[in-house]
Amino acid sequence: VEPFSLGLALAGAASALTGLISYPRLYCYFTECCLQRAGARTGAALQEDLDKKLFGQHLVKKVIVKAVTGFLNNSNPKKPLTLSLHGWTGTGKNFVSKIVAESIYEGGLNSNYVHQFVSTLHFPHKHNISHYKDQLQSWIRGNVSACARSIFIFDEMDKMHAGLIDSVKPFLDYYEQIDGVSYRKAIFIFLSNAGAEKITEVALDFWRNGKKREDLQLRDLEAVVSVSVFNNKNSEHVKMCVRVELESRGYIVDEDIVTRVADEMTYFPKEERIYSDKGCKTVYTKLDFYYDL
Ligand SMILES: Nc1ncnc2c1ncn2[C@@H]1O[C@H](COP(=O)(O)OP(=O)(O)OP(=O)(O)O)[C@@H](O)[C@H]1O
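Residues numbered from 1 in each chain as written. Predicted model: local features only at pLDDT ≥ 70, side-chain atom pairs only at ≥ 80, totals over all residues. Heavy atoms only, no water.

Peer 1: Could you clarify how one ought to interpret the site of the ligand in this entry?
Peer 2: The environment of the ligand is made up of 13 residues, and the closest members are Phe55, Thr89, Gly90, Lys93 and Asn94. In this structure, threonine 91 approaches the ligand through a main-chain N or O atom, which is 3.2 Å from an oxygen atom. One nitrogen or oxygen atom from the main chain of phenylalanine 95 is found 2.9 Å from an oxygen atom belonging to the ligand. For the ligand, the protein covers 65% of the area, taking 630 Å² as the surface of the free molecule. Among the elements that line the shell around the ligand, the one with the most residues is helix α5 (residues 93-104), at three residues. (Near = heavy atom within 4 Å. Polar contact = N/O pair within 3.5 Å; in protein donor to acceptor, adjacent residues only side chain to side chain. Areas by Shrake-Rupley, 256 points an atom, 1.4 Å probe, with all protein chains shown as cover. Helix = DSSP H or I, 4+ residues; strand = E, 2+ residues; numbered from the N terminus.)

Peer 1: Would you explain the state of the cysteines in this entry?
Peer 2: Each disulfide consists of one covalent bond between the sulfur atoms belonging to two cysteines. Tallied over the full model, the rule gives one disulfide. One disulfide bridge connects cysteine 34 with cysteine 147, the sulfur atoms lying 2.1 Å from each other. With the S-S dihedral at roughly 80°, the linkage between cysteine 34 and cysteine 147 falls on the right-handed side. In this pair, cysteine 34 is assigned in the loop between α2 (24-30) and α3 (40-53) and cysteine 147 in the loop between α7 (129-146) and β3 (151-155), connecting sequence segments 113 residues apart. Per residue, the accessibility class of cysteine 34 equals that of cysteine 147, and both read buried. (Disulfide = S-S within 2.5 Å. Buried < 20%, exposed > 50% of the residue type's maximum accessible area, 1.4 Å probe, protein only.)

Peer 1: Would you mind showing me how to read the pairing of strand β1 (residues 81-86) here?
Peer 2: On a regular strand, one side chain projects to one face of the sheet and the next to the other, so that they alternate. In β1, alternate side chains face the same way, and those of Leu81, Leu83 and Leu85 are buried while those of Thr82, Ser84 and His86 on the opposite face are not. When β1 meets strand β4 (residues 187-192), the two strands line up parallel, connected through six bridges. Residue pairing for β4: leucine 81 is matched across the bridge by isoleucine 187. (Pairing = 2+ DSSP bridges.)

Peer 1: Would you explain the sheet that holds β1 in this entry?
Peer 2: Pairing between sheet strands relies on hydrogen bonds along the backbone, with the strands arranged either parallel or antiparallel. In space, the four strands of this open sheet follow the order β1-β4-β3-β2, with parallel pairing throughout. Pairing within the sheet leaves two strands with one partner each, and these edge strands are β1 and β2 (114-118). The mean angle between the axes of side-by-side strands here comes to 15°, regardless of whether they run parallel or antiparallel. Strands β1 and β4 of the sheet are contacted by helix α4 (residues 58-73), whose axis makes an angle of about 165° with β1. (Axes fitted to C-alpha atoms, helices over the stretch in contact; angles between N-to-C directions. Contact = heavy atoms within 4.5 Å.)

Peer 1: How should I be thinking about the pattern of salt bridges in this particular structure?
Peer 2: Opposite charge on two side chains permits pairing when their charged atoms draw close. With the rule as written, the count across this model stands at ten salt bridges. Between glutamate 102 and lysine 98 there is a salt bridge; the shortest N-O distance is 3.4 Å. One end of the pair is glutamate 102 and the other is lysine 98, both in helix α5 and four residues apart, which spans about a single turn. A salt bridge links aspartate 256 to arginine 260; the shortest N-O distance between them is 3.0 Å. With aspartate 256 and arginine 260 both in helix α12 (residues 255-264) and four residues apart, the pair spans about one turn of that helix. The class of arginine 260 is partly exposed, set by a relative accessible area of 38%. Each of the salt bridges in this network shares a partner with another, and the network as a whole consists of Lys78, Glu245, Arg249 and Asp288. (Salt bridge = Lys/Arg side-chain N within 4 Å of Asp/Glu carboxyl O.)

Here is the structure:
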């Protein structure tokens, strides 16, 4: 090999190497990386995939696409994204979580950043609960430390021991960090058969009344999965939080959306419906539903 062409080849190799180091995206083309930023395609791909593959679940489609896209596009989320899918067996809960995982990580459920737990498989023995708690917490901590945008899927939540559920709860809250780790960019998906009969009852009633399944609204089902049974139309403080959050996101305050978000919150006491039971907490995630951030 002539020295000149060797020099060129070396220079080429060197620049390719620097390119590789200075362009993480190129590096991530060859090997799987923790998601740093949502690609513009993520939301569109998710929508496309759900439209193509998921049938009879118009509400799920809408909520999931809005929630996931809004969350991924928010560079400073105040809490992790928590999705809870309820329903009868075989209605697509696992299927949807797989599609969500694939929209974020190409490897989907096989990705190093996607973790799936099945209660009866991974946490079968009641007497081992404290051991499971430690294991689960350190698994979550370790993986979120390694990749903030980790996804955790919990199947068979209705069969999970209450104590174990409690051990996951701190990770879902609004803490800026816990022991130096921030969980705010993580995604938790919970799957459960609880409420399935009630959901089916509502759908059946709809059908018996000659209404189209597609006309079922989220609010028709909220009561049965007890999301927002007790609405308070005069929730002025909650509305103030919504307005502030809209302004901080650079939107013109739309009073219609402010009212809708406030209406979706739950209030106590049951009769008087005076206080929002989560204060302003869930306002931020609810807003994602109304905006393509
Ligand atoms: N709504 C749907 N649209 C299209 N395919 C579906 C739907 N629901 C289920 N399927 C198909 O059936 C398979 C089994 O469904 P899936 O495992 O998602 O059900 P599940 O709701 O998680 O049930 P389980 O509560 O028993 O875990 C899916 O892999 C998918 O191929």
